[in-house]
Amino acid sequence: MKKGIILLILTGSLLYGCSSNNSPNSSSSGNTGTSSNTGKTVSSLLQATYTFVSDSNDKGAKSGTTVELFFQPNSISTLFVANSSNAVSYHGSWSYDGSNLHLKFDGSDFHPNATFPINLSSSKVTFPFQVFSASKGSSTWDQTYTGLDEATTMVFEADASDVSNPPDEKTAISDSYKYIIARLKADRSSGDNIGASLTGASYGSSANSVNLISAGTACYDTCGLPSISSVSQTPDGIIINYSDGTQGEILLASWQSPPTSGTPLSPSSLVNDPRIHLIPNPPHDPVDDPKSKTAVIFAPFNDSKFIGLYTGGGHSELSFDIHSNFGQYDNIPLVKKELEQDGYNVEDFLDSDVTVENLIKYLGSGSTPGIVVASTHGTSDGYLATGVWLGSSASAGHKSYAALMNKLKGEGYASLTTQKSAFRMVDAPQEGMMKGHDAAYLAIGPGFWEWLKSYKGADFSDSLVIIDACSTDATGYLREAIQAKAYFAFNVEVDSDLGGATLRYIVAAMSKYTHSTEETYYNMIRISSKAQEIYKEDTIFQGTDVGVLASQLDAWGYDGTTEINYANNGWLSGKMNAGQIWWLLFAGRWNPDVNIGAKNLADCYSSYWAAGNVGGLANVYCTNADAGSAPTQSEVGYATYLLTGTPLEGISVTKVPRLTLHD
């Protein structure tokens, strides 16, 4: 959603600041009192947030709208205006000599330029300009201390909502990282016992390779919480490591913005071919089906409790809006119904029911489920948010986290509480962008799945796993920990509508007998590349941004030893005509018995295609069963492999493990 419309949230006119009448020598007095409602005293402007109360002409912000001013390193000042669904920001400059603050903005409708004294120990301050009026006057602001997590998030939000020059996502995350480093230095200089020099990881470093710093703040110590031992920047946000070994992530980039208009799909000429709608008889050959006819679906934010920033433009532009729901509340029931019709016993648990105990029970106790669906927030190093709420921020969640770990120990899961990369606190905005609306949830990481396999006997090498979450396949950590026979996940942030459509499509397409995960992936890539409908389930993507799916969705197979990427092996190895294989599968299903259909293809190869003859009038079936040229041996072999699991001709490429839903 573009930022222009969010100016409507302001009362009266657009944001007006002082005119040039506010000279650099203007001053204000009366800044006395006690600052902060957090028990912490502001000692640096980097720690402070100023919340607008009113102009001297008694004008204030519209009910539900918050106007805040805060400071970033490199002399960047920020005015941030937000309500529960939209925001707009202005960036200016500042300097402070220990007594006087110089503040300047150059916005078309907010341009104060003033120097005035400010008392950092005050709870209320007065600025010598008005916010909602261009006339001379002053404005009253509340001065409060802002927590580290919350302030870092605000920097990113302000970048994303800049009215004149919004940076790209990479820069916005980098700005937040620069803030957190400067903020930790400011906290140390204010008397906190932090220690050694501060360093940090640069953008592009591995999310699991953290450059250590020695840092902490008095609040963490005096509140009985651990100090910060390291921070690092990731493609998602900022990871904070604490001295007790726990880890939190300030999740800044949480999903893609939906398109203003989705990709329109046009019907292919094949839509009206009655053979397209032929569904073969069940082959009664379950060799490639999951051994367990069970499915587990978990969706911890089905009711939209966890609300995050949209980011848009494929990482080249930041759009800004609040997501009103996670987008899966209408998809999960449809997926569950489809799987139940296919004979699966489905366990779906939502929202606060997505607990560690339930995940262990349904994923690792007894037989491993044949299908696992995770619909949640994800991170680039493979963490998935659960429905376990920990507190108002990653740092504030420490006590809840410690209590949870003790609870798990009491339940017999002590080994899990010490498992590397099993858990993380994930912090992101909730129910709006204003100060005080962050929320921290427990996330499970790759180590959790490794623990399930080591301690609970879980084995996903026969399972279909669909990770409907952002960015988890940017690294292989989660995929390598699970090792599923068929695995779908996104490598970047994804629009939740596209993610939900992908989930529905996979299940709907595979509900047809003999349709494998590899064929389903190919058809999704076909739709993404051609924007055409052929099968009835293709319409699931109508109106979504399906054109980006080919670059965002990854598919992998695990053969018990090696992970095999669908995108450059098997059907899509580049060594065969991919369209030819699609057509051979199409023709192989003209007979209700696909074993006969596969034999027909092999007969065509041996009688005609091997010699470069398409068949002609001598065999109308063989002529119609190819895509206009004689298929190669490997193409026929791969098509028959996909149909039945048994290649009837030689294959010269690496096969992707075949998995069907209910053959």
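Sequence order as written defines residue numbering, which begins from 1 separately in each chain. A pLDDT threshold of at least 70 governs which residues receive local features in this predicted model, and a stricter bar of 80 or more applies before side-chain atom pairs are shown or counted, although totals over entire chains, interfaces and linings include all residues. Only hydrogens and water are set aside when side-chain values are computed; all heavy atoms of the structure are taken into account.

Further remarks concern the overall build of the protein chain. Runs of E in the DSSP output that reach at least two residues are strands. Runs of H or I that reach at least four are helices, and both are numbered from the N terminus. Broken down by element type, the protein chain carries 16 helices and 25 strands. The burial tally for the protein chain puts 59% of its 663 residues in the buried class. Contact definition: two residues touch when any of their heavy atoms are within 4.5 Å. Counted over contacts in the protein chain with a minimum sequence separation of 6, partners at least 24 positions apart contribute 67%. Every accessible area reported is derived by Shrake-Rupley at a probe size of 1.4 Å, with residue values counting cover from the shown protein chains alone. Summed over all atoms, the accessible surface of the protein chain reaches about 23500 Å², with 49% contributed by carbon and sulfur. Each residue is placed in one exposure class: buried if its accessible area under a 1.4 Å probe, protein chains only, is under 20% of its type's maximum, exposed if it is over 50%, and partly exposed if it falls in between.

This next bit is on the packing of aromatic side chains. Ring geometry is summarised as follows: Phe, Tyr and Trp rings, the Trp one being its six-membered ring, pair when their centres sit within 6.5 Å, and such pairs are stacked at plane angles under 30 degrees, edge-to-face over 60 and tilted between the two. In the structure shown here, the tally under the stated rule is 30 aromatic pairs. When the ring of Trp451 is compared with that of Tyr455, the centres are 5.8 Å apart and the planes differ by 20°; the resulting orientation is stacked. A residue pair is termed a helical-turn pair when its members lie 3 or 4 positions apart in one helix, as Trp451 and Tyr455 do in helix α8 (residues 446-456) at four residues. When its relative accessible area of 2% is taken as the criterion, Trp451 is described as buried. A relative accessible area of 51% means that Tyr455 is categorised as exposed. Ring geometry for Tyr535 against Trp582: centres 6.1 Å apart, planes inclined by 45°, an arrangement best described as tilted.

So, on to the pattern of salt bridges. Think of a salt bridge as a Lys or Arg side-chain nitrogen and an Asp or Glu carboxyl oxygen that are within 4 Å of each other. Under the defined criterion, the tally for this structure stands at 17 salt bridges. Two residues, Asp462 and Lys291, come together in a salt bridge whose shortest N-O distance is 3.4 Å. Taken together, the residues Asp462 in the loop between α8 and β21 (464-468) and Lys291 in the loop between β13 (266-267) and β14 (294-299) connect sequence positions 171 residues apart. On the accessibility criterion, Asp462 (17% relative accessible area) is buried. Put simply, Asp538 and Arg526 hold a salt bridge, and the shortest N to O gap is 2.9 Å. Taken together, the residues span a long stretch of sequence, with Asp538 in the loop between β23 (532-533) and α12 (549-552) and Arg526 in helix α11 (residues 517-530) at a distance of twelve residues. Here the two residues Asp538 and Arg526 agree in accessibility, since each one is buried. Sharing partners across several salt bridges, the network here consists of Asp288, Lys485, Arg658 and Asp663.

Only a pair of cysteine sulfur atoms within 2.5 Å counts as a disulfide in this structure description. As enumerated under the stated definition, the model contains one disulfide in all. Each sulfur in the disulfide pair Cys604 and Cys622 lies 2.0 Å from the other. Sign of the S-S torsion, about -85° for the bond between Cys604 and Cys622, identifies this disulfide as left-handed. With a gap of 18 residues between them, Cys604 in helix α14 (residues 594-607) and Cys622 in helix α15 (residues 620-624) connect regions that are remote in the sequence. No difference in accessibility class separates Cys604 from Cys622, as the two residues are buried.

Right, let's talk about the nonpolar core for a bit. Note that soluble globular proteins tend to have their nonpolar side chains buried in a common cluster. Counting 76 residues, the largest nonpolar core has Leu339, Phe488, Phe541, Trp571, Trp582, Trp609 and Tyr638 as its most contacted members. In terms of residues, this core owes the most to one element, helix α10 (residues 496-510), which gives nine residues. Discounting chain neighbours no more than four positions away, the residues touching Trp609 are Leu584, Leu601, Cys604, Val614, Cys622, Ala625, Asp626, Ala630, Pro631 and Val636. What we call a nonpolar core is a set of buried Ala, Val, Leu, Ile, Met, Phe, Trp, Tyr and Cys residues that are connected through their side-chain atoms within 4.5 Å. Residues Leu148, Ile181, Val388 and Leu452 belong to the second largest nonpolar core, which totals 57 residues.

Taking strand neighbours across the sheet as the criterion, the seven strands line up as β16-β14-β17-β21-β22-β24-β25 in an open arrangement whose pairing is mixed. Each edge of the sheet is formed by a strand with only one pairing partner; in this case those strands are β16 (345-350) and β25 (563-565). For this sheet the average axis-to-axis angle between neighbouring strands, irrespective of direction, equals 15°. At least two bridges found by DSSP between two strands is the condition for calling them paired. Bridge analysis of β21 against strand β22 (residues 486-490) gives four bridges, and the strand direction is parallel. Axes here mean lines fitted to C-alpha atoms, for a helix over just the part in contact, with angles spanning 0 to 180 degrees between N-to-C directions.

With that settled, the discussion passes to the packing of α10 against α11. Geometrically, a packed helix pair is captured by the angle between its two axes and the distance between the axes. The interhelical angle for the contact between α10 and α11, taken along N-to-C directions, is 130°, at an axis separation of 10 Å. Between α10 and α11, the interaxial angle falls into the category oblique. Considering only the axes of α10 and α11, their crossing is right-handed. Where α10 abuts α11, its residues Thr502, Tyr505, Ile506, Ala509 and Met510 lie against Thr517, Thr520, Asn523, Met524, Arg526 and Ile527. The residue makeup of the contact of α10 with α11, split by class, is six nonpolar, four polar and one charged. Oblique is the label for any angle not under 35 degrees, not over 145, and not in the 65 to 115 range, which are roughly parallel, roughly antiparallel and roughly perpendicular in turn. Crossings are classed by handedness, with left-handed meaning an anticlockwise turn of the near helix from the far one by less than a right angle and right-handed meaning a clockwise turn. Residues are grouped as follows: nonpolar covers Ala, Val, Leu, Ile, Met, Phe, Trp, Tyr, Cys and Pro; charged covers Asp, Glu, Lys and Arg; every other residue, Gly included, is treated as polar.

What follows deals with the pairing of strand β6 (residues 113-117). With burial as the criterion, only one face of β6 is covered, namely that bearing Ala114 and Phe116; the residues Asn113, Thr115 and Pro117 on the opposite face remain uncovered. Note: strand β5 (residues 100-104) against β6, five bridges, orientation antiparallel. From the neighbouring strand, Lys104 faces β6, where its bridge partner is Asn113.

This brings us to the environment of Tyr362. Tracing the backbone shows Tyr362 in helix α5 (residues 356-364). Overall, Tyr362 belongs to the partly exposed group, its relative accessible area being 22%. Taking the C-alpha atoms as reference points, Tyr362 and Val296, 66 residues apart in sequence, are found 6.9 Å from one another. Apart from residues no more than four positions distant in its own chain, Tyr362 is found in contact with Val296, Glu347, Phe349 and Pro369.

What follows covers the sheet that holds β5. The strand order β6-β5-β4-β3-β2-β1-β8-β7 describes an open sheet built from eight strands, whose pairing is antiparallel. Strand pairing shows two members of the sheet lacking a second neighbour, β6 and β7 (124-127), which therefore form its edges. Put simply, the sheet's adjacent strands are angled 30° from each other on average, direction ignored. Strands in contact with helix α1 (residues 148-160) are β1 (48-55), β2 (66-72), β3 (76-82) and β4 (87-96); relative to β2, the strand with the most contacts, it is inclined by about 110°.

Moving on to the confidence of the model for the protein chain. A score between 0 and 100, pLDDT records how confident the predictor is in each residue. Looking at the protein chain, pLDDT values average 82 and 81% of them are 70 or higher. Counted against residues more than four places away or in other chains, residues 191-223, with its pLDDT under 50, gives 87 contacts.

Moving on: helix α13 (residues 578-588). A large share of α13 lies buried, amounting to ten of its eleven residues. Buried within α13 are the following residues: Ala578, Gln580, Ile581, Trp582, Trp583, Leu584, Leu585, Phe586, Ala587 and Gly588. Counting of polar contacts relies on pairs of N or O atoms within 3.5 Å, with two restrictions inside protein: one atom must be capable of donating a hydrogen and the other of accepting it, and residues adjacent in sequence are counted only when both atoms are side-chain atoms. With a side-chain oxygen lying 3.0 Å from the backbone nitrogen of Gly579, the N-terminal cap of α13 falls on Asn577.

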